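Inside the fold
Each chain, letter by letter, is given below.
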Amino acid sequence: MRTNKILPAILCGAILLSMAGCGQTTPVTSTQAEAPAEGTTAEATTEAETEAPAATEASVPDNSDDIFVSAYPAFAVTSRSLHDGKWDKITAHDGENASPELSWEPVEGATEYAIYMIDLDTGYNIHWKSKNIKETTLPEGWAPVITEYNGPYPPSGSTHNYNVYVIALKAPVRGMQGGIHGIYANVKDFIDALDTDAEGNTGNIVAVGRVSGTYTR
């Protein structure tokens, strides 16, 4: 009877020892085997950041290619009335004859602005002439029609180029030369005249911004 009790006890002890030995060795899974070493992720991120291309710098406004205002510093002017390099029909004489929307950042040193819009393909036809402008955002249709604005009107079937010049001034001027819908060969002289203020002081033009577009009728 005693032998029968001892034998099962010995067998159970052997089984328990075997299970304990198996538990000491944990199998390595594929996930554990492929896990990156400590610090690898941070190093990879740093390398990727180092190799990332630098951001492209915004283009700097430049007037050097313009025959009228190449002598003056430039600033950026934008227009919501211009799409794909073309003036919207609303701005044209055969549209609603509304002056284009214009926006620009305040120019340091300027107290007011003046505007000329010139047809470059018809002997320099003036389509917009305004002065004493204090705002830096002009909504569509801001300029009075006929007295200060008369929109693009090229010959039927043709395309003309129209430049809008925003001239930043230190002080008010006595007047602006030229008339609306008049053709003048000396538009450059008209703009240069704004460099002298109403008191006769020169160096009045701080900078000139411009925006260009075409119109086809």
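Read on for an overview of the structure. (Residues numbered from 1 in each chain as written. Predicted model: local features only at pLDDT ≥ 70, side-chain atom pairs only at ≥ 80, totals over all residues. Heavy atoms only, no water.)

1. Details of the overall build of the protein chain
- What the protein chain contains, in helices and strands, is 4 helices and 9 strands.
- Listed N to C, the secondary structure of the protein chain is α-α-α-β-β-β-β-β-β-β-β-α-β in terms of helices and strands.
- Counting across all 217 residues of the protein chain, residues that qualify as buried make up 34%.
- Per element, the accessible surface of the protein chain, about 13000 Å² overall, is 55% carbon and sulfur. (Helix = DSSP H or I, 4+ residues; strand = E, 2+ residues; numbered from the N terminus. Buried < 20%, exposed > 50% of the residue type's maximum accessible area, 1.4 Å probe, protein only. Areas by Shrake-Rupley, 256 points an atom, 1.4 Å probe, with all protein chains shown as cover.)

2. Observations concerning the environment of Asn150
- Among the secondary structure elements, Asn150 is positioned in the loop between β7 (137-138) and β8 (159-169).
- Given a relative accessible area of 7%, Asn150 falls into the buried group.
- It is 6.5 Å that separates the C-alpha atoms of Asn150 and Trp128, two residues lying 22 residues apart in sequence.
- The contacts of Asn150, once residues within four sequence positions are left out, are His93, Asn97, His127, Ile180 and His181.
- Separated by 2.8 Å, the side chains of Asn150 and His93 make a polar contact. (Contact = heavy atoms within 4.5 Å. Polar contact = N/O pair within 3.5 Å; in protein donor to acceptor, adjacent residues only side chain to side chain.)

3. A closer look at the nonpolar core
- Core analysis: the largest hydrophobic core is formed by 24 residues, its most contacted members being Phe75, Leu102, Trp104, Ile115, Trp128, Val164 and Val166.
- Elements that contribute at least two residues to this core include exactly β1 (74-78), β4 (102-104), β5 (112-119), β6 (125-133), β8 and β9 (205-216).
- Excluding residues within four positions of it along the chain, Ile115 makes contact with Leu102, Trp128, Lys129, Ser130, Ile133, Leu138, Val164, Tyr165, Val166, Ile167 and Met176.
- Counting residues in each nonpolar core, the second largest holds 18 residues, with Val69, Ile126, Ile205 and Val208 among its members. (Core = buried A, V, L, I, M, F, W, Y, C linked by side-chain atoms within 4.5 Å.)

4. Things to note about unusual backbone geometry
- You will see that Asn97, though not glycine, has its phi angle at about 55°, which is positive.
- Secondary-structure assignment places Asn97 in the loop between β3 (86-87) and β4.
- Not every positive phi belongs to a glycine, and Ile146 is a case in point at roughly 75°.
- Mapped onto the fold, Ile146 is located in the loop between β7 and β8.
- With a relative accessible area of 53%, Ile146 lands in the exposed category.

5. What to know about the pattern of salt bridges
- Scanning all chains against the criterion turns up 4 salt bridges.
- Between Arg210 and Asp66 there is a salt bridge, and its shortest N-O distance comes to 3.3 Å. One end of the pair, Arg210, is in strand β9; the other, Asp66, is in the loop between α3 (40-51) and β1, and 144 residues separate them in sequence.
- With a relative accessible area of 6%, Asp66 lands in the buried category.
- Here Lys188 ties to Asp192 by a salt bridge, and the two come within 2.7 Å at their closest N and O atoms. Taken together, the positions of Lys188 and Asp192, both in helix α4 (residues 187-193) and 4 residues apart, correspond to about one turn of that helix.
- Residue Asp192 is classed as partly exposed on the basis of its relative accessible area, which comes to 24%. (Salt bridge = Lys/Arg side-chain N within 4 Å of Asp/Glu carboxyl O.)

6. Focus on the side chain of Ser99
- Relative to the helices and strands, Ser99 is located in the loop between β3 and β4.
- Here the side chain of Ser99 touches Trp142 through a polar contact of 3.0 Å, landing on its backbone nitrogen.
- Within the structure, the side chain of Ser99 is placed 3.0 Å from the backbone nitrogen of Ala143, a separation counted as a polar contact.
- With sequence-adjacent residues up to four places away left out, Ser99 is seen in contact with Trp128, Pro139, Glu140, Gly141, Trp142, Ala143 and Tyr149.

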